[in-house]
Amino acid sequence: MIEAIGLKVGMIFEKNGKLIKVLETNHHKPGKGNTVMQMKLNDIRSGSIVQTTMRPTEKVKLAVIDKKNAQFLYKQDSIVFFMDLDTYEQYELPAQLIEAESKYLIPDLQVQLNFCGNELIGIDLPTTVEMTVVETEPNIKGATAANGGKPATMDTGLIVTVPDFIKNGEKLIISTVNGTYKQRA
């Protein structure tokens, strides 16, 4: 059990038979009245997102999450397929459960599968991925990294702001935490 004030972004807890993931948390002390925790929560199974408040001393039960190393195989219709790197067993996950992560899924990417009991509930990405620029504006002569940048479409459809000197076909390191350009590969 953990108090609501101890919940951090990314933690998963159980409440009323539901698995809830913390998306945002804010400790709010109004001028008058009691302190509350304002939270944005995601019901993992249904995908619904709710804004709620909890008392800082309210206790919740943290979910026990097991992790397995896996490799992204492919996406077909609305199902994403992964392979366990130890047992070579394949796992399916509805694309809607990993909508935010799916824009970083490139072939053969190694991820961690998250299990609560025997139920696959999500994935953890590496902090950066190497992606290829599919489409961007032409190179501007004399451009430096200090300029504002330009949009570039990556091979998964992700749009990232990159420096002006980046060309089509270049491989870049992209952060999966905030979707920003880090450097050339």
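Residues numbered from 1 in each chain as written. Predicted model: local features only at pLDDT ≥ 70, side-chain atom pairs only at ≥ 80, totals over all residues. Heavy atoms only, no water.

S.K.: What's the story with the overall build of the chain in this structure? I'm lost.
M.R.: Across its full length, the chain carries 1 helix and 16 strands. Taking the principal axes of the C-alpha coordinates as reference, the chain spans close to 60 × 50 × 25 Å. The proportion of buried residues among the 185 residues of the chain is 37%. Charged side chains in the chain number 21 positive and 22 negative. The centres of these two groups are separated by 10 Å. (Helix = DSSP H or I, 4+ residues; strand = E, 2+ residues; numbered from the N terminus. Buried < 20%, exposed > 50% of the residue type's maximum accessible area, 1.4 Å probe, protein only. Lys, Arg positive; Asp, Glu negative; His and termini not counted. Charge placed at Lys NZ, Arg CZ, Asp CG, Glu CD.)

S.K.: It is not clear to me how the UniProt feature "domain: Translation elongation factor P/YeiP central" (unreviewed entry) in the chain should be interpreted in this structure. Could you clarify?
M.R.: Mapped onto the present numbering, the UniProt feature "domain: Translation elongation factor P/YeiP central" (unreviewed entry) falls on residues 67-121. Between the first and last C-alpha atoms of residues 67-121 the distance is 10 Å; the span itself is 7% helix and 56% strand. (UniProt positions renumbered as here; feature names shortened; annotations may be inferred.)

S.K.: I tried to follow the environment of V160 on my own but got confused; where do I start?
M.R.: Here V160 shows up in strand β14 (residues 159-162). Classification of V160 as buried rests on a relative accessible area of 1%. For the pair V160 and N118, spaced 42 residues apart in sequence, the C-alpha separation works out to 36 Å. When sequence neighbours within four positions are dropped, the list of residues in contact with V160 reads K150, P151, A152, M154, I174, G179, T180 and Y181. (Contact = heavy atoms within 4.5 Å.)

S.K.: Sorry, what's going on with the sheet that holds β14 here?
M.R.: Where strands meet in a sheet, backbone hydrogen bonds hold them as pairs that are either parallel or antiparallel. Pairing is antiparallel in the open sheet, where 5 strands are placed in the order β14-β13-β12-β15-β16. Each of the sheet's edge strands pairs with one partner strand only, and the pair in question is β14 and β16 (181-184). Averaged over neighbouring strand pairs, the angle between their axes works out to 50° when direction is ignored. Two strands pair when backbone bridges link them, and strand β15 (residues 171-175) and β16 are joined in this way by 3 bridges, in the antiparallel orientation. Looking at β16, one finds that I174 is bridged to Y181. (Pairing = 2+ DSSP bridges. Axes fitted to C-alpha atoms, helices over the stretch in contact; angles between N-to-C directions.)

S.K.: Mind showing me how you'd approach the domain arrangement of the chain here?
M.R.: When the parts of a complex come together, some accessible area is lost, and that lost area is often taken as the interface size. Per the domain assignment, the segments of the chain are domain 1 (2-62), domain 2 (65-124) and domain 3 (128-184). The gap between the C-alpha centroids of domain 1 and domain 2 is 26 Å. With 5 residues of domain 1 at the interface, the matching set in domain 2 holds 6 residues. Summed over both partners, the interface of domain 1 with domain 2 comes to about 500 Å²; 60% of that surface belongs to carbon and sulfur atoms. Counting across the domain 1 and domain 2 interface gives 1 salt bridge. (Domains from an automatic or database assignment. Buried area = accessible area lost by both parts, 1.4 Å probe. Salt bridge = Lys/Arg side-chain N within 4 Å of Asp/Glu carboxyl O.)

S.K.: Sorry, what's going on with the environment of Q71 here?
M.R.: Residue position: Q71 is located in strand β7 (residues 66-76). Residues Q71 and Q112 lie 41 residues apart in sequence; the distance between their C-alpha atoms is 8.1 Å. For Q71, the contacting residues outside a window of four places in its chain are F81, F82, M83, L85, D108, L109 and Q110.

S.K.: Before we go on, may I ask you to explain unusual backbone geometry in this structure?
M.R.: Even without glycine at this site, D77 takes up a positive phi of about 55°. Following the sequence through the fold, D77 ends up in the loop between β7 and β8 (79-84). The backbone phi angle of Y88 is positive, close to 65°, even though this residue is not glycine. Within the fold, Y88 resides in the loop between β8 and β9 (90-94).

S.K.: Would you explain the pattern of salt bridges in this entry?
M.R.: Two side chains bearing opposite charge may form a pair once their charged atoms approach each other closely. Overall, the coordinates contain 4 salt bridges when judged by the stated rule. Among the ionic pairs, R45 bridges to E119, the shortest N-O distance being 2.8 Å. Of the two residues, R45 is situated in the loop between β4 (36-43) and β5 (49-54) and E119 in strand β11 (residues 119-124); the sequence distance between them amounts to 74 residues. Assessed through its relative accessible area of 28%, E119 is described here as partly exposed. Between K67 and D124 there is a salt bridge, with its nearest N and O atoms 2.4 Å apart. Placement of the pair is K67 in strand β7 and D124 in strand β11, with a sequence separation of 57 residues. We classify K67 as partly exposed; its relative accessible area is 44%. Its relative accessible area of 27% is what places D124 among the partly exposed residues.

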